[in-house]
Amino acid sequence: MPTNVCTAKASYKKAPGTLELTDTHLQWSQDGKKVPSVRVPYHEATSLFCSKEGAAQVRLKLGLVNDDNGHNFTFTAPQAVAYSERETFKRELTNIISRNRSTADSNANPAAAPPPIVAALSASPSKAPTPRPAVAVASASRASTSRAPSVSSDRRTPILPGTDAASDFRLRKKVLMGNPELASLHRELVMSGQITEAEFWEGREHLLLAESATESQRKGRPGQLVDPRPQTVEGGEIKIVITPQLVHDIFEEFPVVAKAYNDNVPNKLSEADFWKRYFQSKLFNAHRASIRSSAAQHVVKEDPIFDKYLEKDDDELEPRRARDEVADLFINLGATLEDHGETGNQRDITMQPGRQRGALPLIRKFNEHSERLLNSALGDKPPAKRRRVGGGDGGNDAYGQLDLDDLHDPETSVGIILEMQDRQRYFEGQMASAAAVEDARKKAFDVRPIFKEARDSLVSWEYNLNQLKLERKPGDAALLSMTQNVASRLDVKSKKNEMPPDLFIQLTTCQTAANEFLRQFWSAIYPPSTETQTIAPATPAQKATKAAKMAGYLGKTHEKVDALVRTAQVEGVDSIRVQVAMKPILDAVDHALAFYHTRSAKPTKGIN
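Residues numbered from 1 in each chain as written. Predicted model: local features only at pLDDT ≥ 70, side-chain atom pairs only at ≥ 80, totals over all residues. Heavy atoms only, no water.

Visitor: Could you clarify how one ought to interpret the overall build of the protein chain in this entry?
Guide: When helices and strands are tallied, the protein chain shows 20 helices and 10 strands. The proportion of buried residues among the 608 residues of the protein chain is 31%. Looking at the protein chain alone, contacts between residues at least 24 apart form 61% of all its contacts between residues at least 6 apart. Element-wise, carbon and sulfur atoms account for 55% of the exposed surface of the protein chain, whose accessible area totals about 40,800 Å². (Helix = DSSP H or I, 4+ residues; strand = E, 2+ residues; numbered from the N terminus. Buried < 20%, exposed > 50% of the residue type's maximum accessible area, 1.4 Å probe, protein only. Contact = heavy atoms within 4.5 Å. Areas by Shrake-Rupley, 256 points an atom, 1.4 Å probe, with all protein chains shown as cover.)

Printed below as a string of structure tokens:
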């Protein structure tokens, strides 16, 4: 008798029952019946979907090998209990699906199998539809009879390095949601089973990488100096709005305020009294980012608590906090001062530090704030990354400071090798042409006849110019031609919106799908570019099969265009306009099919 791993109350197709997971299968039995209505062996489970955390209904969907719809279960226990039961089933089923994929991959191609995709789905409190992702993404490793056979069906959907299946699913979903045209193309081709998920994203890895880079970016500290601005409210009172972010910024910018807070709150002062007294104290006035008088400065009071934390103004010639870093000789203007004593411009005596003593504390405050911003941006990088100075022996690496990355010529792309017929004949013709040109240059060239002809043509040029008469007919013809050209352009522009919206959408869909098939076809014919990152490159056999499949899809393009022409005639649209609009894509399709048939007819080995 099978051993039960976990059990829970769940409804299936709105019928209450019990969901059980044994050591061999998953089954669901309706209340009052002994025979299970649903029974799924372990080896048939391929994918798992769950409702979003906190949704009104706790649901679980299990995808099967030959059934994309699978089975949907809704846990009927109270919310907290149902969520716990669902998580238990999810954990066990995830392990089962992972083992199934590992077994399938080891039989077809021994490679490590990724964990199953578990996607978070939204749930509606009033309706219980079939849970599915907002933008459905089909796994290429799922074998389905309802989908067209694919060259990539024997290998799993490529996942970005360093991300799991769920993160990769989220990245693709965000890319599709941010690009409506790409999402429409995905629905048209992938969801209809014409191409697989792996084929769709092949060549578009840069979109996923860009989205991943955007998500991994860390927002830096704001560059504005912390300076709370008082607000005057009714009655003449001054108010400062204190938020947790403002408190954090004040503590980070002024550690002395954090020290005062830890020393006095909550033993001597409450938090509200602490901030009220701080904003009326000399300490806050010293931390202001302006030396101008303000309304807050007129209400500064003596405070026995905060006055203990006051520091003397940093207005001496030498700053109170000396920098501990080694000065860079390449930007230290005083390092070579003794070498230019007798030459150069006269010294500017106005550029003396401390000439306006009252501005020194504010200037140094800005400098320290800028230094903190740079340190927070650089993080914990080693000194070699933070500043190109010094080696292990303490000496400065002068060449390392001068050798900038921007001064190096970037590596050029090797490109794609050109395959051409009669290559030897082509180069022989080029060499013969170059030799003929060189021989012509070596021959003696007499310019005297040319000068004589030019001189004879200038004789009596004034008389010939007076005899020149311009006929009006050619000018009128040119003007009439230009007028007709402008009129035809205006006529086309005025008629561009006369096409019915439904027919226009069909034309756009047909053209977009054909462009995608062409992209898939040529990517299978030619080797990938070295400038683009390919996550899961296909084998030569897979590329050949893919090219054949795409050629079959391209062969149906003429039938689709003919159907659109007939639709246009029924709706009263000039069929010529449809044919002209679709002619470029038809020419591209014909060129691809002709290339494929010529290449397939050759007995030689094709391009890998």
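Visitor: Got a minute to help me understand the confidence of the model for the protein chain in this structure?
Guide: As a note on interpretation, predicted positions should not be read in detail where pLDDT is low. In the predicted model, the protein chain carries a mean pLDDT of 75, and 73% of its residues have values of at least 70. With pLDDT under 50 throughout, residues 109-158 is counted as low confidence; its partners more than four residues away or in other chains account for 131 contacts. Note that residues 604-608 has pLDDT below 50 and, in this model, eight contacts with residues that lie over four places away or in other chains. (pLDDT = per-residue confidence, 0-100.)

Visitor: Would you mind going over the pairing of strand 4 (residues 38-41) with me for this structure?
Guide: Both faces of the sheet carry side chains from a regular strand, because those side chains alternate between them. On strand 4, burial follows the alternation: Val38 and Val40 on one face are buried, whereas Arg39 and Pro41 on the facing-out side are not. Here strand 3 (residues 25-30) pairs with strand 4 via four bridges, running antiparallel. Within the sheet, the bridge partner assigned to Gln27 lies in strand 4 and is Arg39. (Pairing = 2+ DSSP bridges.)

Visitor: Would you explain unusual backbone geometry in this entry?
Guide: For residues that are not glycine, phi is negative in most cases, and the peptide bond is trans in most cases. At the junction of Val265 and Pro266, the peptide bond is cis and its omega measures out at 5 degrees in the coordinates. Within the secondary structure, Pro266 is located in the loop between helix 7 (255-264) and helix 8 (271-278). Positioned with a positive phi, Lys14 is a non-glycine residue whose angle comes to about 65 degrees. One can find Lys14 in the loop between strand 1 (4-12) and strand 2 (15-22). Judged by its relative accessible area of 80%, Lys14 falls in the exposed class. With phi around 60 degrees, Ser460 is a residue other than glycine that occupies positive phi space. With respect to the secondary-structure elements, Ser460 resides in the loop between helix 14 (448-457) and helix 15 (461-466).

Visitor: Would you mind showing me how to read the nonpolar core here?
Guide: Soluble globular proteins: nonpolar side chains tend toward being buried together. Counting residues in hydrophobic clusters, the biggest one holds 41 residues, and the most contacted among them are Phe200, Phe517, Phe521 and Leu554. Mapped onto this core, the elements with two or more residues apiece are helix 2 (165-178), helix 3 (180-189), helix 4 (197-201), helix 17 (501-525), helix 18 (540-554), helix 19 (557-570) and helix 20 (575-601). By residue number, the principal contributor to this core is helix 17, which donates 10 residues. With residues near it in sequence (within four places) discarded, Phe200 still touches Leu176, Leu182, Leu185, His186, Val190, Ile195, Glu516, Arg519 and Gln520. By size, the runner-up hydrophobic cluster in this structure holds 26 residues, among which are Ala15, Leu19, Leu26 and Ile97. (Core = buried A, V, L, I, M, F, W, Y, C linked by side-chain atoms within 4.5 Å.)

Visitor: Can you help me understand the packing of aromatic side chains in this one?
Guide: Two aromatic rings, taken as a pair, are described by how far apart their centres are and by the angle between their planes. Following the criterion strictly, the structure yields 22 aromatic pairs and no others. Between Phe274 and Phe306, the aromatic rings sit 5.1 Å apart at their centres with planes inclined by 50 degrees, giving tilted as the arrangement. With Phe274 in helix 8 and Phe306 in the loop between helix 9 (282-286) and helix 10 (360-378), this residue pair connects regions lying 32 residues apart in the sequence. The exposure class of Phe274 is buried, given its relative accessible area of 0%. Judged by its relative accessible area of 0%, Phe306 is buried. (Phe/Tyr/Trp six-rings, centres within 6.5 Å; stacked < 30°, edge-to-face > 60°.)

Visitor: How should the pairing of strand 1 be read in this particular structure?
Guide: Here eight bridges tie strand 1 to strand 2, and the two strands are oriented antiparallel to one another. Residue pairing across strands places Ala8 opposite Leu19, the latter belonging to strand 2. In textbook terms, the turn of a hairpin is the stretch between consecutive antiparallel strands, and for strand 1 and strand 2 this stretch comprises two residues, one of which, Lys13, has a positive phi near 55 degrees.

Visitor: Would you mind showing me how to read helix 19 here?
Guide: Since the α-helix packs 3.6 residues into each turn, any two residues three or four apart lie on the same face. If you check helix 19, its first and last C-alpha atoms are 20 Å apart, about what 14 residues at 1.5 Å a residue would give, namely 20 Å. Residues of helix 19 that are buried sit in contact with helix 17, helix 18 and helix 20. Trailing helix 19 by a residue or two, Gly572 shows a phi angle of about 80 degrees, which is positive. (Expected span 1.5 Å × (residues − 1).)

Visitor: Where do I start with the side chain of His25 in this structure?
Guide: As for its position among the elements, His25 is in strand 3. A distance of 2.7 Å separates polar atoms of two side chains, one belonging to His25 and the other to Thr24. (Polar contact = N/O pair within 3.5 Å; in protein donor to acceptor, adjacent residues only side chain to side chain.)

Visitor: Would you mind going over a nonpolar patch on the surface with me for this structure?
Guide: A cluster of nonpolar side chains, namely Leu418, Met420, Tyr426 and Phe427, defines an oily patch on the protein surface of about 400 Å² accessible area. Note on Leu418: relative accessible area 59%, which makes it exposed. (Patch = residues over 30% accessible without salt bridge, like charges linked within 9 Å, V, L, I, M, F, W, Y side chains within 5 Å. Salt bridge = Lys/Arg side-chain N within 4 Å of Asp/Glu carboxyl O.)

Visitor: Help me understand helix 8 in this model?
Guide: Within helix 8, the full set of buried residues consists of Phe274, Trp275 and Tyr278. Axial view of helix 8: buried residues confined to an arc of 90 degrees, hence all on one face. Exposed positions of helix 8 whose direction lies more than 90 degrees from the buried face are Ala272 and Lys276. Contacts from the buried residues of helix 8 go to helix 6 (244-253), helix 7 and helix 9. (Arc of directions from axis to C-beta.)

Visitor: Help me understand the environment of Met499 in this model?
Guide: On the secondary structure map, Met499 appears in the loop between helix 16 (472-495) and helix 17. Met499 gets classed as buried once you look at its relative accessible area, which sits at 14%. Separated by 69 residues in the primary sequence, Met499 and Ala568 place their C-alpha atoms 8.7 Å from one another. Leave out the neighbours within four places in its chain, and Met499 touches Phe504, Leu507, Val573 and Arg577.

Visitor: Sorry if this is basic, but what is going on with the packing of helix 7 against helix 8 here?
Guide: The relative placement of two packed helices is expressed as an angle between their axes plus a distance between the axes. Here helix 7 crosses helix 8 at 140 degrees, and the two axes come no closer than 11 Å. Classified by the angle their axes make, helix 7 and helix 8 are oblique. The hand of the helix 7/helix 8 crossing is right-handed. Contact with helix 7, carried on its side by Val257, Ala260 and Tyr261, involves Glu271, Phe274, Trp275 and Tyr278 of helix 8 and no other residues of that element. Here the contact of helix 7 with helix 8 is built from residues that sort into six nonpolar, no polar and one charged. (Axes fitted to C-alpha atoms, helices over the stretch in contact; angles between N-to-C directions. Parallel < 35°, antiparallel > 145°, perpendicular 65-115°, else oblique. Left-handed = near helix turned anticlockwise from the far one by under 90°. Nonpolar A, V, L, I, M, F, W, Y, C, P; charged D, E, K, R; others polar.)

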